[in-house]
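Close look at the chain arrangement
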Amino acid sequence: MNLKTLISQEELEKRIKEIAQQITEEYENKELIIICILTGAVYFATDLTKYIKNDTLKLDFMKVSSYGNSTESTGEIKIKKDLENSIAGKNVIIVEDIIDTGLTMATLKKYLLERKPESLKICTLLDKKERRKVEILQKSTIYSILWWVNFLEFCEETRCLT
């Protein structure tokens, strides 16, 4: 398989460390929960959390779907795996791989806010702002790419590639 590198490993690692440093500073002496959205964000969340310096950091996971058998989000999410721990009164960062239309993230954000976290922010690896249908605020965006492969169809074949 011949893939074109859009972001070098060095660029990616540098930006992940910068975001981790921002998070470390913002949540110094505060309890922090990172919610990794499975399965796409698992490698990103792993890289990010290893650089966050916070003794109270906890990692939890959710798996959500809003695409069904389509390549377009419906905005209606199906929770396939929910959190193991309560986020009430906690500082929470959702870590996602790609935000496309924003429909899924907006719905997920509303769902999690109902659980009364102290704060809720979003960190995404790739942000496809040109396709946004719903505006959402993010904690940090590593890169915004104007064009990206159809990730939902392609990711299973390329997930382990670096």
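So, here is what we can say about the structure in this document. As the structure is a computational prediction, the values presented were derived from the model and not from experiment. (Residues numbered from 1 in each chain as written. Predicted model: local features only at pLDDT ≥ 70, side-chain atom pairs only at ≥ 80, totals over all residues. Heavy atoms only, no water.)

**A short note on the overall build of the chain**
Of the regular secondary structure elements, the chain holds four helices and six strands. When the elements of the chain are put in sequence order from the N terminus, they spell out α-β-α-β-β-β-α-β-β-α. Counting every position in the chain, which comprises 162 residues, the buried fraction comes to 40%. Within the chain, residue pairs in contact and separated by at least 24 positions form 72% of the contacts whose partners lie at least 6 positions apart. When the accessible surface of the chain is totalled, it reaches about 9,500 Å², and 50% of it is carbon and sulfur. (Helix = DSSP H or I, 4+ residues; strand = E, 2+ residues; numbered from the N terminus. Buried < 20%, exposed > 50% of the residue type's maximum accessible area, 1.4 Å probe, protein only. Contact = heavy atoms within 4.5 Å. Areas by Shrake-Rupley, 256 points an atom, 1.4 Å probe, with all protein chains shown as cover.)

**Things to note about helix H3 (residues 103–113)**
When we look at burial in H3, the residues that qualify are Leu103, Thr104, Met105, Leu108 and Leu112. On its buried side, H3 packs onto strand E1 (32–38), strand E2 (58–65), strand E4 (91–99) and strand E5 (119–127).

**A word on unusual backbone geometry**
Of note, the amide linkage connecting leucine 38 to threonine 39 takes the cis form, showing an omega dihedral of -5°. Within the secondary structure, threonine 39 sits in the loop between E1 and helix H2 (42–51). The phi torsion at asparagine 29 lies on the positive side, around 60°, for a residue other than glycine. Turning to its location among the elements, asparagine 29 is positioned in the loop between helix H1 (9–26) and E1. Residue class for asparagine 29 comes out exposed when judged on its relative accessible area of 79%. Despite not being glycine, lysine 116 shows a phi value in the positive range, around 60°. Within the secondary structure, lysine 116 sits in the loop between H3 and E5.

**With respect to the nonpolar core**
Residues Ile23, Leu48, Ile93 and Val95 are the most contacted members of the largest nonpolar core, which totals 20 residues. Counting residues per element, the ones that place at least two in this core are H1, E1, H2, E4 and E5. A per-element tally of this core places H1 first, with four residues. Discounting residues that sit within four places of it in the chain, valine 95 has contacts with Ile34, Ile35, Cys36, Ile37, Ala41, Phe44, Ala45, Leu48 and Cys123. One finds Met62, Val92, Met105 and Leu112 within the second-largest nonpolar core, a separate group that totals 16 residues. (Core = buried A, V, L, I, M, F, W, Y, C linked by side-chain atoms within 4.5 Å.)

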